[in-house]
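# Examining the three-dimensional arrangement
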Amino acid sequence: MFKKVLIANRGEIALRVIRACRELGIATVAVHSTADSESLHVRFADEAICIGPPPSKESYLNVRALLAAADVTACDAVHPGYGFLSENAHFADMVTRMKMKFIGPRPEMIQLMGNKVAAREAMEKAGLPLLPGARGKLADAAEAETVAGKIGYPVILKAAAGGGGRGMKIARDSSQVRQMFETASSEALSAFGDGSMYLERYVEQPRHIEMQIVADERGNVMHFGERECSVQRRHQKLVEESPSVAVTPELRREMGEVALAAMRRIAYNNVGTIEFLMDEKGRYYFMEMNTRIQVEHPVTEQVYGLDLLREQIRLAAGEELDRTQESVRPVGHAIEFRINAEDPVTFAPSPGRITGLHQPGGYGVRVDTMVYEQYKVVPFYDSLVAKLIITGHSREVALRRAARALNEYVIEGIKTNIPFHKRVLADPRFAAGRYDTRLVDQILTGSTEGLPPAPAAPGR
Ligand code: MV4
(Lines give C-alpha, C1' and ligand atoms only; values in the text may rest on other atoms or scores of the structure.)
Protein backbone atom coordinates (compact mmCIF):
# COMPACT_ATOMS: atom_id res chain seq x y z
CA MET A 1 0.00 0.00 0.00
CA PHE A 2 1.08 3.61 -0.51
CA LYS A 3 2.84 5.43 2.31
CA LYS A 4 2.01 9.02 1.38
CA VAL A 5 -0.44 10.48 -1.14
CA LEU A 6 -0.47 13.99 -2.57
CA ILE A 7 -4.00 15.28 -3.18
CA ALA A 8 -3.97 17.50 -6.27
CA ASN A 9 -7.34 19.09 -5.55
CA ARG A 10 -9.38 21.19 -3.11
CA GLY A 11 -12.81 21.37 -1.50
CA GLU A 12 -15.00 18.46 -0.53
CA ILE A 13 -13.25 15.92 -2.77
CA ALA A 14 -9.83 16.70 -1.26
CA LEU A 15 -11.39 16.01 2.14
CA ARG A 16 -13.03 12.82 0.85
CA VAL A 17 -9.63 11.54 -0.38
CA ILE A 18 -7.90 12.49 2.90
CA ARG A 19 -10.53 10.57 4.88
CA ALA A 20 -10.11 7.45 2.73
CA CYS A 21 -6.31 7.65 3.05
CA ARG A 22 -6.51 8.07 6.83
CA GLU A 23 -8.66 4.95 7.10
CA LEU A 24 -6.13 3.04 4.98
CA GLY A 25 -3.23 4.23 7.17
CA ILE A 26 -1.79 6.42 4.39
CA ALA A 27 -0.24 9.83 5.15
CA THR A 28 -1.53 12.78 3.12
CA VAL A 29 -0.16 15.98 1.62
CA ALA A 30 -2.62 18.74 0.78
CA VAL A 31 -1.85 21.44 -1.77
CA HIS A 32 -3.62 24.78 -1.80
CA SER A 33 -3.72 28.17 -3.43
CA THR A 34 -3.31 31.31 -1.32
CA ALA A 35 -7.12 31.65 -1.42
CA ASP A 36 -7.57 28.27 0.31
CA SER A 37 -5.17 28.49 3.29
CA GLU A 38 -8.13 28.34 5.69
CA SER A 39 -9.65 25.29 4.00
CA LEU A 40 -10.40 22.09 5.88
CA HIS A 41 -8.35 19.95 3.49
CA VAL A 42 -5.30 21.95 4.52
CA ARG A 43 -6.03 21.38 8.21
CA PHE A 44 -7.00 17.71 7.91
CA ALA A 45 -3.99 16.58 5.86
CA ASP A 46 -0.75 15.58 7.56
CA GLU A 47 1.18 18.18 5.55
CA ALA A 48 0.18 21.11 3.37
CA ILE A 49 1.99 23.03 0.65
CA CYS A 50 0.99 26.33 -0.91
CA ILE A 51 1.31 25.94 -4.68
CA GLY A 52 0.39 29.38 -5.99
CA PRO A 53 -2.04 32.29 -6.29
CA PRO A 54 -5.85 31.90 -6.53
CA PRO A 55 -6.35 31.39 -10.30
CA SER A 56 -6.52 27.64 -11.02
CA LYS A 57 -4.07 27.96 -13.91
CA GLU A 58 -1.41 29.10 -11.45
CA SER A 59 -2.24 26.64 -8.66
CA TYR A 60 -4.44 23.53 -9.02
CA LEU A 61 -3.63 23.27 -12.75
CA ASN A 62 0.07 24.04 -12.28
CA VAL A 63 1.71 20.72 -13.17
CA ARG A 64 5.25 21.78 -12.22
CA ALA A 65 4.20 23.09 -8.80
CA LEU A 66 2.20 19.94 -8.08
CA LEU A 67 5.00 17.59 -9.14
CA ALA A 68 7.52 19.59 -7.08
CA ALA A 69 5.22 19.43 -4.04
CA ALA A 70 4.88 15.65 -4.42
CA ASP A 71 8.62 15.32 -4.89
CA VAL A 72 9.79 17.38 -1.88
CA THR A 73 7.33 15.61 0.42
CA ALA A 74 8.38 12.16 -0.86
CA CYS A 75 4.90 11.04 -1.92
CA ASP A 76 4.55 7.68 -3.64
CA ALA A 77 1.19 8.46 -5.25
CA VAL A 78 -0.96 11.35 -6.46
CA HIS A 79 -4.77 11.53 -6.29
CA PRO A 80 -6.22 14.02 -8.80
CA GLY A 81 -9.82 14.12 -7.48
CA TYR A 82 -12.29 15.32 -10.15
CA GLY A 83 -12.00 18.34 -12.45
CA PHE A 84 -8.63 20.14 -12.61
CA LEU A 85 -5.98 17.64 -13.85
CA SER A 86 -8.01 14.47 -13.22
CA GLU A 87 -8.38 13.71 -16.94
CA ASN A 88 -5.10 15.15 -18.15
CA ALA A 89 -3.07 12.32 -19.73
CA HIS A 90 0.10 14.44 -19.72
CA PHE A 91 -0.14 15.00 -15.95
CA ALA A 92 -0.79 11.29 -15.34
CA ASP A 93 2.21 10.46 -17.49
CA MET A 94 4.49 12.94 -15.68
CA VAL A 95 3.45 11.52 -12.31
CA THR A 96 4.33 8.04 -13.56
CA ARG A 97 7.68 9.19 -14.98
CA MET A 98 8.55 10.57 -11.56
CA LYS A 99 8.12 7.03 -10.19
CA MET A 100 4.89 7.81 -8.40
CA LYS A 101 1.54 6.17 -8.97
CA PHE A 102 -1.24 8.18 -10.55
CA ILE A 103 -4.45 7.11 -8.81
CA GLY A 104 -6.55 6.60 -11.90
CA PRO A 105 -6.37 4.63 -15.15
CA ARG A 106 -3.26 4.45 -17.33
CA PRO A 107 -2.50 7.63 -19.32
CA GLU A 108 -3.43 5.84 -22.59
CA MET A 109 -6.96 5.26 -21.26
CA ILE A 110 -7.31 8.96 -20.36
CA GLN A 111 -6.01 9.89 -23.81
CA LEU A 112 -8.37 7.50 -25.59
CA MET A 113 -11.49 8.66 -23.75
CA GLY A 114 -10.49 12.33 -24.02
CA ASN A 115 -10.87 12.12 -27.79
CA LYS A 116 -14.61 11.53 -28.24
CA VAL A 117 -14.18 10.26 -31.83
CA ALA A 118 -11.52 7.74 -30.84
CA ALA A 119 -13.55 6.72 -27.76
CA ARG A 120 -16.68 6.21 -29.87
CA GLU A 121 -14.82 4.01 -32.37
CA ALA A 122 -13.09 1.97 -29.66
CA MET A 123 -16.34 1.43 -27.77
CA GLU A 124 -18.20 0.41 -30.91
CA LYS A 125 -15.49 -2.18 -31.68
CA ALA A 126 -15.78 -3.34 -28.09
CA GLY A 127 -19.50 -3.99 -28.54
CA LEU A 128 -21.27 -0.98 -26.99
CA PRO A 129 -24.36 0.28 -28.86
CA LEU A 130 -23.93 3.68 -30.56
CA LEU A 131 -26.40 6.08 -32.11
CA PRO A 132 -26.35 6.05 -35.91
CA GLY A 133 -23.72 8.53 -37.09
CA ALA A 134 -20.51 9.13 -38.95
CA ARG A 135 -17.65 6.66 -38.65
CA GLY A 136 -14.68 8.63 -37.39
CA LYS A 137 -14.37 12.36 -37.72
CA LEU A 138 -16.07 14.37 -40.42
CA ALA A 139 -13.77 15.53 -43.24
CA ASP A 140 -15.77 18.68 -44.02
CA ALA A 141 -19.19 20.35 -44.09
CA ALA A 142 -20.16 18.43 -47.22
CA GLU A 143 -19.58 15.10 -45.49
CA ALA A 144 -21.63 16.33 -42.53
CA GLU A 145 -24.54 17.00 -44.87
CA THR A 146 -24.20 13.65 -46.65
CA VAL A 147 -24.13 11.67 -43.40
CA ALA A 148 -27.02 13.68 -41.93
CA GLY A 149 -29.04 13.03 -45.08
CA LYS A 150 -28.47 9.27 -44.68
CA ILE A 151 -29.38 8.98 -41.00
CA GLY A 152 -32.11 11.64 -40.99
CA TYR A 153 -32.73 14.79 -38.96
CA PRO A 154 -32.36 16.06 -36.31
CA VAL A 155 -28.64 15.41 -35.87
CA ILE A 156 -26.14 16.67 -33.33
CA LEU A 157 -22.64 17.86 -34.17
CA LYS A 158 -20.09 17.32 -31.43
CA ALA A 159 -16.45 18.30 -31.06
CA ALA A 160 -14.00 15.39 -30.74
CA ALA A 161 -12.12 17.37 -28.10
CA GLY A 162 -15.31 18.54 -26.34
CA GLY A 163 -17.35 16.49 -23.92
CA GLY A 164 -19.72 17.20 -21.08
CA GLY A 165 -21.86 19.27 -23.40
CA ARG A 166 -19.15 21.59 -24.68
CA GLY A 167 -18.91 22.14 -28.42
CA MET A 168 -22.30 20.74 -29.45
CA LYS A 169 -24.78 21.99 -32.10
CA ILE A 170 -28.14 20.57 -33.12
CA ALA A 171 -29.15 20.70 -36.79
CA ARG A 172 -32.85 20.21 -37.53
CA ASP A 173 -32.70 20.18 -41.32
CA SER A 174 -30.26 20.15 -44.23
CA SER A 175 -30.32 23.96 -44.53
CA GLN A 176 -28.56 24.22 -41.15
CA VAL A 177 -25.97 21.48 -41.15
CA ARG A 178 -23.19 22.96 -43.32
CA GLN A 179 -23.19 26.35 -41.60
CA MET A 180 -23.34 24.68 -38.19
CA PHE A 181 -20.44 22.41 -39.03
CA GLU A 182 -18.28 25.44 -39.97
CA THR A 183 -19.25 27.41 -36.86
CA ALA A 184 -18.90 24.48 -34.44
CA SER A 185 -15.61 23.36 -35.95
CA SER A 186 -13.98 26.80 -35.73
CA GLU A 187 -15.35 27.25 -32.18
CA ALA A 188 -13.86 23.88 -31.23
CA LEU A 189 -10.55 24.85 -32.82
CA SER A 190 -10.25 28.01 -30.76
CA ALA A 191 -11.64 26.45 -27.55
CA PHE A 192 -9.76 23.12 -27.60
CA GLY A 193 -7.07 23.55 -30.25
CA ASP A 194 -8.77 20.80 -32.28
CA GLY A 195 -11.58 21.45 -34.76
CA SER A 196 -12.41 17.76 -35.37
CA MET A 197 -16.16 17.09 -35.34
CA TYR A 198 -18.45 14.07 -35.41
CA LEU A 199 -22.14 13.72 -35.91
CA GLU A 200 -24.92 11.41 -34.68
CA ARG A 201 -28.70 11.22 -34.58
CA TYR A 202 -30.14 13.61 -32.01
CA VAL A 203 -32.32 12.12 -29.26
CA GLU A 204 -34.95 14.69 -28.22
CA GLN A 205 -35.84 13.63 -24.68
CA PRO A 206 -32.94 11.63 -23.34
CA ARG A 207 -32.22 10.41 -19.86
CA HIS A 208 -28.57 10.54 -18.77
CA ILE A 209 -27.67 7.19 -17.25
CA GLU A 210 -24.13 6.24 -16.32
CA MET A 211 -22.57 2.99 -15.11
CA GLN A 212 -19.88 2.78 -12.45
CA ILE A 213 -16.95 0.59 -13.47
CA VAL A 214 -14.23 -0.71 -11.16
CA ALA A 215 -11.25 -2.67 -12.55
CA ASP A 216 -8.11 -4.07 -10.94
CA GLU A 217 -4.72 -4.48 -12.63
CA ARG A 218 -5.18 -8.24 -13.06
CA GLY A 219 -8.02 -7.91 -15.56
CA ASN A 220 -10.89 -8.34 -13.12
CA VAL A 221 -13.75 -5.95 -13.85
CA MET A 222 -16.98 -5.22 -12.02
CA HIS A 223 -19.80 -2.74 -12.31
CA PHE A 224 -21.75 -1.13 -9.51
CA GLY A 225 -24.92 -0.34 -11.36
CA GLU A 226 -26.12 2.98 -12.69
CA ARG A 227 -26.69 6.54 -11.63
CA GLU A 228 -29.45 8.63 -13.17
CA CYS A 229 -28.18 12.17 -13.76
CA SER A 230 -30.93 13.70 -15.88
CA VAL A 231 -31.55 16.63 -13.50
CA GLN A 232 -29.11 19.05 -15.11
CA ARG A 233 -28.91 22.70 -16.06
CA ARG A 234 -26.52 23.72 -18.83
CA HIS A 235 -24.69 20.39 -18.42
CA GLN A 236 -24.22 20.96 -14.69
CA LYS A 237 -25.74 18.08 -12.78
CA LEU A 238 -27.91 19.14 -9.84
CA VAL A 239 -29.46 15.91 -8.55
CA GLU A 240 -28.33 12.32 -9.09
CA GLU A 241 -29.84 9.07 -7.93
CA SER A 242 -29.19 5.35 -7.84
CA PRO A 243 -30.79 3.14 -8.92
CA SER A 244 -32.55 4.76 -11.88
CA VAL A 245 -36.32 4.38 -12.12
CA ALA A 246 -35.75 3.67 -15.83
CA VAL A 247 -33.50 0.64 -15.27
CA THR A 248 -34.98 -2.76 -14.39
CA PRO A 249 -32.81 -5.47 -12.82
CA GLU A 250 -32.75 -7.24 -16.23
CA LEU A 251 -31.67 -4.07 -18.05
CA ARG A 252 -29.03 -3.41 -15.38
CA ARG A 253 -27.62 -6.89 -15.89
CA GLU A 254 -27.57 -6.43 -19.67
CA MET A 255 -26.01 -2.94 -19.60
CA GLY A 256 -23.52 -4.17 -17.02
CA GLU A 257 -22.52 -7.14 -19.15
CA VAL A 258 -21.93 -5.11 -22.30
CA ALA A 259 -20.05 -2.47 -20.31
CA LEU A 260 -17.79 -5.05 -18.68
CA ALA A 261 -17.10 -6.78 -21.99
CA ALA A 262 -16.00 -3.42 -23.41
CA MET A 263 -13.79 -2.66 -20.42
CA ARG A 264 -12.11 -6.07 -20.73
CA ARG A 265 -11.52 -5.47 -24.41
CA ILE A 266 -9.59 -2.24 -23.79
CA ALA A 267 -7.95 -3.57 -20.60
CA TYR A 268 -9.34 -0.69 -18.56
CA ASN A 269 -7.97 -0.23 -15.05
CA ASN A 270 -9.08 1.65 -11.91
CA VAL A 271 -12.49 3.39 -11.62
CA GLY A 272 -14.43 4.85 -14.51
CA THR A 273 -17.91 5.82 -15.62
CA ILE A 274 -19.60 4.96 -18.89
CA GLU A 275 -22.21 7.56 -19.82
CA PHE A 276 -25.25 6.40 -21.75
CA LEU A 277 -28.04 8.30 -23.32
CA MET A 278 -31.40 6.53 -22.96
CA ASP A 279 -34.31 7.27 -25.26
CA GLU A 280 -38.00 7.21 -24.36
CA LYS A 281 -38.21 3.54 -25.38
CA GLY A 282 -35.47 2.50 -22.95
CA ARG A 283 -32.86 1.97 -25.66
CA TYR A 284 -29.41 3.00 -24.53
CA TYR A 285 -26.40 4.34 -26.41
CA PHE A 286 -22.79 4.97 -25.46
CA MET A 287 -22.04 8.69 -25.15
CA GLU A 288 -18.71 9.24 -23.35
CA MET A 289 -16.51 7.63 -20.75
CA ASN A 290 -15.12 9.49 -17.73
CA THR A 291 -11.81 8.23 -16.41
CA ARG A 292 -12.03 9.81 -12.95
CA ILE A 293 -13.93 9.45 -9.68
CA GLN A 294 -17.09 11.51 -10.11
CA VAL A 295 -18.83 14.10 -7.96
CA GLU A 296 -21.89 11.85 -7.73
CA HIS A 297 -20.01 8.69 -6.64
CA PRO A 298 -21.63 8.69 -3.15
CA VAL A 299 -25.05 7.52 -4.37
CA THR A 300 -23.38 4.36 -5.68
CA GLU A 301 -21.52 3.93 -2.39
CA GLN A 302 -24.76 4.19 -0.44
CA VAL A 303 -26.71 1.57 -2.38
CA TYR A 304 -23.84 -0.88 -2.95
CA GLY A 305 -22.24 -0.54 0.50
CA LEU A 306 -18.80 0.11 -0.95
CA ASP A 307 -16.25 2.87 -0.30
CA LEU A 308 -15.31 3.84 -3.87
CA LEU A 309 -12.37 6.04 -2.82
CA ARG A 310 -10.92 3.28 -0.66
CA GLU A 311 -11.41 0.86 -3.54
CA GLN A 312 -9.86 3.25 -6.07
CA ILE A 313 -6.75 3.73 -3.93
CA ARG A 314 -6.43 -0.01 -3.19
CA LEU A 315 -6.67 -0.85 -6.89
CA ALA A 316 -4.05 1.78 -7.83
CA ALA A 317 -1.75 0.15 -5.27
CA GLY A 318 -2.09 -3.12 -7.19
CA GLU A 319 -4.56 -4.86 -4.90
CA GLU A 320 -7.28 -7.03 -6.37
CA LEU A 321 -11.05 -6.80 -6.46
CA ASP A 322 -12.27 -8.78 -3.48
CA ARG A 323 -15.87 -9.47 -4.48
CA THR A 324 -17.72 -10.95 -7.42
CA GLN A 325 -20.36 -9.40 -9.66
CA GLU A 326 -22.91 -12.01 -8.51
CA SER A 327 -22.37 -11.05 -4.87
CA VAL A 328 -23.34 -7.39 -5.27
CA ARG A 329 -26.72 -5.77 -5.81
CA PRO A 330 -28.20 -2.37 -5.03
CA VAL A 331 -30.12 -2.13 -1.75
CA GLY A 332 -32.56 0.74 -1.26
CA HIS A 333 -32.21 4.11 -2.91
CA ALA A 334 -29.86 7.09 -2.68
CA ILE A 335 -30.20 10.65 -3.97
CA GLU A 336 -27.56 13.37 -4.04
CA PHE A 337 -28.32 17.10 -4.08
CA ARG A 338 -25.45 19.35 -5.08
CA ILE A 339 -25.54 22.41 -2.84
CA ASN A 340 -24.02 25.31 -4.77
CA ALA A 341 -23.18 28.83 -3.61
CA GLU A 342 -25.40 30.47 -6.18
CA ASP A 343 -28.61 32.42 -6.56
CA PRO A 344 -31.51 29.91 -6.64
CA VAL A 345 -33.30 31.94 -9.32
CA THR A 346 -30.56 33.32 -11.60
CA PHE A 347 -27.94 30.62 -10.82
CA ALA A 348 -25.29 33.38 -10.60
CA PRO A 349 -22.39 32.51 -8.26
CA SER A 350 -22.78 33.83 -4.70
CA PRO A 351 -19.39 33.83 -2.98
CA GLY A 352 -18.93 35.24 0.53
CA ARG A 353 -18.59 34.31 4.17
CA ILE A 354 -20.88 31.72 5.74
CA THR A 355 -22.14 33.52 8.83
CA GLY A 356 -24.50 30.85 10.10
CA LEU A 357 -24.60 27.11 9.42
CA HIS A 358 -26.77 24.23 10.44
CA GLN A 359 -26.34 21.02 8.51
CA PRO A 360 -28.96 18.27 8.50
CA GLY A 361 -28.31 14.91 10.11
CA GLY A 362 -30.09 11.85 11.34
CA TYR A 363 -30.82 8.45 9.84
CA GLY A 364 -30.04 8.16 6.13
CA VAL A 365 -28.42 11.59 5.84
CA ARG A 366 -24.81 12.13 4.71
CA VAL A 367 -23.21 15.50 4.03
CA ASP A 368 -19.89 15.67 2.15
CA THR A 369 -18.59 19.20 2.50
CA MET A 370 -15.61 21.41 3.25
CA VAL A 371 -17.63 24.24 4.78
CA TYR A 372 -17.93 25.34 8.41
CA GLU A 373 -19.31 28.42 10.14
CA GLN A 374 -17.20 31.46 9.09
CA TYR A 375 -15.84 29.59 6.01
CA LYS A 376 -15.35 31.98 3.12
CA VAL A 377 -16.59 30.76 -0.26
CA VAL A 378 -14.08 32.22 -2.71
CA PRO A 379 -15.03 33.20 -6.27
CA PHE A 380 -12.18 31.45 -8.10
CA TYR A 381 -13.45 27.88 -8.31
CA ASP A 382 -16.69 26.04 -8.94
CA SER A 383 -19.58 26.85 -6.65
CA LEU A 384 -20.13 23.39 -5.10
CA VAL A 385 -20.06 23.77 -1.31
CA ALA A 386 -21.71 20.54 -0.15
CA LYS A 387 -23.31 17.33 -1.31
CA LEU A 388 -26.40 16.19 0.59
CA ILE A 389 -26.73 12.45 0.14
CA ILE A 390 -29.98 10.85 1.26
CA THR A 391 -30.48 7.09 1.58
CA GLY A 392 -33.74 5.25 2.11
CA HIS A 393 -35.13 1.73 1.85
CA SER A 394 -37.19 2.85 -1.12
CA ARG A 395 -37.25 5.89 -3.41
CA GLU A 396 -40.42 7.12 -1.70
CA VAL A 397 -38.76 7.00 1.73
CA ALA A 398 -35.66 8.73 0.35
CA LEU A 399 -37.76 11.53 -1.17
CA ARG A 400 -39.58 12.20 2.12
CA ARG A 401 -36.28 12.13 3.99
CA ALA A 402 -34.73 14.50 1.45
CA ALA A 403 -37.53 17.03 1.97
CA ARG A 404 -37.02 16.76 5.72
CA ALA A 405 -33.23 17.23 5.43
CA LEU A 406 -33.45 20.16 2.99
CA ASN A 407 -35.80 21.86 5.47
CA GLU A 408 -33.25 21.43 8.26
CA TYR A 409 -30.42 22.89 6.17
CA VAL A 410 -29.48 26.48 7.06
CA ILE A 411 -26.66 28.30 5.29
CA GLU A 412 -26.49 32.03 6.06
CA GLY A 413 -24.35 34.76 4.51
CA ILE A 414 -24.39 33.36 0.97
CA LYS A 415 -27.18 32.31 -1.37
CA THR A 416 -27.52 28.63 -2.20
CA ASN A 417 -29.64 26.52 -4.52
CA ILE A 418 -31.38 24.75 -1.60
CA PRO A 419 -34.70 26.46 -2.56
CA PHE A 420 -34.33 25.11 -6.10
CA HIS A 421 -33.84 21.57 -4.77
CA LYS A 422 -37.12 21.92 -2.86
CA ARG A 423 -38.83 22.76 -6.16
CA VAL A 424 -37.34 19.64 -7.77
CA LEU A 425 -38.65 17.50 -4.92
CA ALA A 426 -42.10 19.10 -5.23
CA ASP A 427 -42.29 18.41 -8.96
CA PRO A 428 -44.75 15.60 -9.75
CA ARG A 429 -42.64 14.40 -12.70
CA PHE A 430 -39.62 14.01 -10.42
CA ALA A 431 -41.73 12.42 -7.68
CA ALA A 432 -43.08 9.87 -10.16
CA GLY A 433 -39.62 9.20 -11.63
CA ARG A 434 -41.06 10.24 -15.00
CA TYR A 435 -38.52 12.84 -16.04
CA ASP A 436 -35.70 13.36 -18.52
CA THR A 437 -33.00 15.96 -19.20
CA ARG A 438 -35.68 18.60 -19.89
CA LEU A 439 -36.86 18.61 -16.26
CA VAL A 440 -34.92 21.64 -14.98
CA ASP A 441 -36.13 23.81 -17.88
CA GLN A 442 -39.68 22.54 -17.37
CA ILE A 443 -39.51 23.56 -13.71
CA LEU A 444 -37.99 26.97 -14.50
CA THR A 445 -40.48 27.79 -17.24
CA GLY A 446 -43.48 26.39 -15.37
CA SER A 447 -44.13 23.94 -18.20
CA THR A 448 -46.76 21.32 -17.47
CA GLU A 449 -45.52 18.98 -20.20
CA GLY A 450 -45.22 15.42 -18.95
CA LEU A 451 -47.35 16.13 -15.90
CA PRO A 452 -50.08 13.61 -15.13
CA PRO A 453 -53.44 15.05 -16.25
CA ALA A 454 -55.21 17.07 -13.55
CA PRO A 455 -58.23 15.32 -12.05
CA ALA A 456 -61.50 16.27 -13.74
CA ALA A 457 -63.26 19.24 -12.15
CA PRO A 458 -66.09 18.23 -9.86
CA GLY A 459 -69.55 18.57 -11.43
CA ARG A 460 -71.41 21.79 -10.79
C1 MV4 B 1 -26.76 14.10 -27.07
C2 MV4 B 1 -28.09 14.48 -26.87
C3 MV4 B 1 -29.03 14.03 -27.77
N4 MV4 B 1 -28.67 13.24 -28.81
N5 MV4 B 1 -26.45 13.31 -28.11
C6 MV4 B 1 -24.88 16.58 -23.44
C7 MV4 B 1 -23.64 16.25 -22.69
C8 MV4 B 1 -22.82 15.41 -23.57
N9 MV4 B 1 -22.23 14.34 -22.81
C10 MV4 B 1 -23.75 14.90 -24.60
N11 MV4 B 1 -25.01 15.58 -24.42
C12 MV4 B 1 -26.06 15.27 -25.20
N13 MV4 B 1 -25.80 14.47 -26.25
C14 MV4 B 1 -27.39 12.91 -28.95
N15 MV4 B 1 -27.05 12.15 -29.97
C16 MV4 B 1 -28.39 15.29 -25.79
C17 MV4 B 1 -27.38 15.70 -24.96
C18 MV4 B 1 -27.79 16.52 -23.86
C19 MV4 B 1 -27.77 16.06 -22.56
C20 MV4 B 1 -27.27 14.80 -22.24
C21 MV4 B 1 -27.25 14.36 -20.96
C22 MV4 B 1 -27.72 15.17 -19.94
C23 MV4 B 1 -28.21 16.43 -20.22
C24 MV4 B 1 -28.23 16.88 -21.52
C25 MV4 B 1 -28.72 18.15 -21.79
C26 MV4 B 1 -28.75 18.59 -23.07
C27 MV4 B 1 -28.28 17.79 -24.12
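So, here is what we can say about the structure in this document. (Residues numbered from 1 in each chain as written. Predicted model: local features only at pLDDT ≥ 70, side-chain atom pairs only at ≥ 80, totals over all residues. Heavy atoms only, no water.)

### As for the overall build of the protein
- The number of helices and strands found in the protein is 15 helices and 20 strands.
- Taking 460 residues into account, the globule formula puts the C-alpha radius of gyration at 23 Å, and the protein, at 22 Å, falls close to it.
- A separation threshold of at least 6 residues defines the contact pool for the protein, and within that pool the share at least 24 residues apart is 65%.
- Just so you have it, the protein exposes about 19,400 Å², and 51% of that area is on carbon and sulfur atoms.
- Computed over 58 positive and 58 negative side-chain charges, the separation of the two mean positions in the protein equals 1 Å. (Helix = DSSP H or I, 4+ residues; strand = E, 2+ residues; numbered from the N terminus. Rg over C-alpha atoms; globule rule 2.2 N^0.38 Å. Contact = heavy atoms within 4.5 Å. Areas by Shrake-Rupley, 256 points an atom, 1.4 Å probe, with all protein chains shown as cover. Lys, Arg positive; Asp, Glu negative; His and termini not counted. Charge placed at Lys NZ, Arg CZ, Asp CG, Glu CD.)

### A word on unusual backbone geometry
- Tyr153 connects to Pro154 through a cis peptide bond whose omega is -5°.
- Within the secondary structure, Pro154 sits in the loop between α7 (141-151) and β6 (155-163).
- A cis amide bond links Ser242 with the next residue in sequence, Pro243, at an omega value of -5°.
- Locating Pro243 in the fold gives a position in the loop between β11 (236-242) and α9 (249-265).
- The backbone of Ala267 shows a phi angle near 55°, a positive value even though the residue is not glycine.
- With respect to the helices and strands, Ala267 occurs in the loop between α9 and β12 (270-278).

### What about the side chain of Glu226?
- Within the secondary structure layout, Glu226 lies in strand β10 (residues 221-233).
- A distance of 2.8 Å separates a polar atom in the side chain of Glu226 from a polar atom in the side chain of Arg252.
- In contact with Glu226, other than residues within four places in its own chain, are Ile209, Glu210, Met211, Glu241, Ser242, Pro243, Ser244, Val247 and Arg252. (Polar contact = N/O pair within 3.5 Å; in protein donor to acceptor, adjacent residues only side chain to side chain.)

### Comments concerning the site of the ligand
- As a matter of local geometry, the ligand sits amid 18 residues, with Lys158, Glu200, Arg201, Val203 and Glu288 nearest to it.
- The contact in question runs from a nitrogen atom of the ligand to an N or O atom on the side chain of Lys158, over 2.9 Å.
- Arg201 has a polar backbone atom sitting 2.7 Å from a nitrogen atom of the ligand.
- Protein chains shield 90% of the accessible area of the ligand, which is 520 Å² for the free molecule.
- Those elements that place two or more of their residues in the shell around the ligand are β6, β8 (197-201), β12 and β13 (284-290).
- Class assignment of the residues belonging to the shell around the ligand gives a composition of 7 nonpolar, 6 polar and 5 charged. (Near = heavy atom within 4 Å. Nonpolar A, V, L, I, M, F, W, Y, C, P; charged D, E, K, R; others polar.)

### With respect to the environment of Arg310
- Mapped onto the secondary structure, Arg310 falls in helix α11 (residues 308-316).
- When the C-alpha atoms of Arg310 and Lys415 are compared, they prove to be 33 Å apart, with 105 residues separating the residues in sequence.
- Among all residues touching Arg310, those that are not within four sequence positions of it are Ala20, Glu23 and Leu24.

### A word on the state of the cysteines
- In this structure the tally under the stated criterion is 0 disulfides.
- The cysteine Cys50 is free of any disulfide, with Cys75 supplying the nearest cysteine sulfur at 16 Å.
- Overall, Cys50 belongs to the partly exposed group, its relative accessible area being 42%.
- Counting only cysteine sulfurs, Cys21 is the nearest neighbor of Cys75, a cysteine outside any disulfide, at a range of 9.6 Å.
- For Cys75, a relative accessible area of 8% translates into the label buried. (Disulfide = S-S within 2.5 Å. Buried < 20%, exposed > 50% of the residue type's maximum accessible area, 1.4 Å probe, protein only.)

### Quick look at the packing of helix α3 (residues 63-72) against helix α4 (residues 89-97)
- In the contact formed by α3 and α4, the axes pass within 11 Å of each other and the chain directions differ by 25°. Considering the angle they form, α3 stands roughly parallel to α4. Relative to α4, α3 is oriented so that their crossing is right-handed. Between α3 and α4, the residues in contact are Val63, Leu66 and Leu67 and Phe91, Met94 and Val95, respectively. (Axes fitted to C-alpha atoms, helices over the stretch in contact; angles between N-to-C directions. Parallel < 35°, antiparallel > 145°, perpendicular 65-115°, else oblique. Left-handed = near helix turned anticlockwise from the far one by under 90°.)

### Re the pairing of strand β2 (residues 27-33)
- The element β2 is extensively covered by neighbouring structure, given that 6 of its 7 residues are classed as buried.
- Bridge count between strand β1 (residues 4-7) and β2: 4 bridges; the pairing is parallel. Note that in β2 the partner of Lys4 across the bridge is Ala27.
- Summarising the sheet, β2 and strand β3 (residues 47-52) pair through 5 bridges and their orientation is parallel. Considered in β3, the bridge of His32 is made with Cys50. (Pairing = 2+ DSSP bridges.)

### Looking at the pattern of salt bridges
- Under the counting rule described, the total for this entry stands at 38 salt bridges.
- Here Lys101 and Glu217 are joined by a salt bridge, their closest N and O atoms 3.1 Å apart. Placement of Lys101 in strand β5 (residues 101-102) and of Glu217 in the loop between β9 (207-215) and β10 is noted, with a sequence separation of 116 residues between them.
- Glu217 sits in the partly exposed class, given a relative accessible area of 39%.
- Its salt-bridge partner being Asp343, residue Lys415 comes within 3.1 Å of it at the nearest N-O pair. One end of the pair, Lys415, is in the loop between β20 (410-412) and α13 (418-426); the other, Asp343, is in the loop between β14 (333-340) and β15 (352-353), and 72 residues separate them in sequence.
- What makes Asp343 buried here is its relative accessible area of 13%.
- Through salt bridges with shared partners, a single ionic network connects Glu210, Arg227, Lys237, Glu240, Glu296 and Arg338. (Salt bridge = Lys/Arg side-chain N within 4 Å of Asp/Glu carboxyl O.)

### Focus on the sheet that holds β13
- Across the sheet, 8 strands lie side by side as β13-β12-β9-β10-β11-β14-β19-β17; this open sheet has antiparallel pairing. The open sheet has two free edges, formed respectively by β13 and β17 (365-369), since each of these has just one partner strand. Each strand of the sheet is rotated relative to its neighbour by a mean of 25°, with strand direction disregarded.
- Pairing of β10 with β11 involves 4 bridges; the strand directions are antiparallel. Bridged to Arg233 within β11 is Gln236.
- The strands that α11 touches are β9 and β12; relative to β9, the one it contacts most, it runs at about 45°.

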